[in-house]
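Observations on the model geometry
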Amino acid sequence: MSEQKLYTGSCLCGGIRYEIHGEIGEIIQCHCQRCRKASGTAFATNAPIQKADFKIVQGESLLKKYRSSETTERCFCGECASPIMSIKTETPDIYRLRIGTLDTPLEQKPTHHIFTAYKAEWDSICDGLPEYAERP
């Protein structure tokens with residue numbers, strides 16, 4: 001019987017702490033304008049996780065939500081504004097975790113870039129990963 005994975009993470013101020021009791025899916029770097037604005041960087045690095053595997057162990061009252069489109073709700077710390085995850089209405093049982101909030105080291109690496117047709121003009125993608133103009 002295999003041992004269940006446990007990952008931990010937190011926001012910048014440490015007010016929100018979470019655990020993931022399960023697998024972290026494929027790591028994707030999204031270059032769409034909304035992800036760029038939400039992260040303040042050239043892209044957001046996200047991975048799907050099962051809602052049932054995610055548990056806030058500290059600071060649940062600090063978690064704030066913002067509906068950035070009809071289909072996306074972004075969750076972040078109300079104190080330090082660290083983005084934690086997003087939730088799509090079409091897949092409510094899957095969260096899109098912001099990988100930068102993990103405290104547990106990951107063995108896996110990003111697999112590809114999406115929405116590169118909208119990437120920041122000042123950014124260069126130089127990692128050799130597959131690039132998709134939209135969502136593949």
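Higher on the page you've got the structure.
Each value, and the rule that gives it
Residues numbered from 1 in each chain as written. Predicted model: local features only at pLDDT ≥ 70, side-chain atom pairs only at ≥ 80, totals over all residues. Heavy atoms only, no water. Helix = DSSP H or I, 4+ residues; strand = E, 2+ residues; numbered from the N terminus. Rg over C-alpha atoms; globule rule 2.2 N^0.38 Å. Buried < 20%, exposed > 50% of the residue type's maximum accessible area, 1.4 Å probe, protein only. Contact = heavy atoms within 4.5 Å. Pairing = 2+ DSSP bridges. Axes fitted to C-alpha atoms, helices over the stretch in contact; angles between N-to-C directions. Phe/Tyr/Trp six-rings, centres within 6.5 Å; stacked < 30°, edge-to-face > 60°.

Counting its secondary structure elements, the protein chain contains one helix and ten strands. Its helices and strands in sequence order give the protein chain the pattern β-β-β-α-β-β-β-β-β-β-β, from N to C terminus. For 136 residues, the compact-globule estimate of 2.2 N^0.38 gives 14 Å, and the protein chain sits close to it at 15 Å. For the protein chain, the spread of C-alpha atoms along the principal axes amounts to about 40 × 40 × 30 Å. Every one of the 136 residues in the protein chain was classed for burial, and the buried ones make up 40%. Considering only intrachain contacts with a sequence separation of at least 6, the fraction spanning at least 24 residues in the protein chain is 51%.

What follows is about the sheet that holds strand β6 (residues 63-67). Within the open sheet, the seven strands sit side by side as β6-β7-β8-β9-β4-β3-β10. Their pairing is mixed. Each edge of the sheet is formed by a strand with only one pairing partner; in this case those strands are β6 and β10 (112-114). Each strand of the sheet is rotated relative to its neighbour by a mean of 30 degrees, with strand direction disregarded. Across three bridges, the pairing between strand β3 (residues 28-30) and strand β4 (residues 44-50) is antiparallel. By the bridge assignment, C30 is partnered in β4 with A44.

The subject of this paragraph is the sheet that holds strand β2 (residues 17-20). Taken in spatial order, the three strands make up an open sheet running β1-β2-β5, and their pairing is antiparallel. In this open sheet, the two strands that pair with only one neighbour each are β1 (7-10) and β5 (54-58). Averaged over all pairs of adjacent strands, the angle between their axes in this sheet comes to 25 degrees, without regard to strand direction.

Attention now moves to the packing of aromatic side chains. Throughout the structure, instances matching the rule amount to three aromatic pairs. Taking 5.1 Å as the distance between ring centres and 35 degrees as the angle between the ring planes, the aromatic pair formed by Y18 and F54 counts as tilted. Taken together, the residues span a long stretch of sequence, with Y18 in strand β2 and F54 in strand β5 at a distance of 36 residues. Of the two residues, Y18 and F54, neither departs from the other in class, the shared state being buried. Between F115 and Y118, the aromatic rings sit 6.2 Å apart at their centres with planes inclined by 45 degrees, giving tilted as the arrangement. For F115, a relative accessible area of 16% gives the class buried.

The quantities given are spatial measurements derived from coordinates; they are silent on function.
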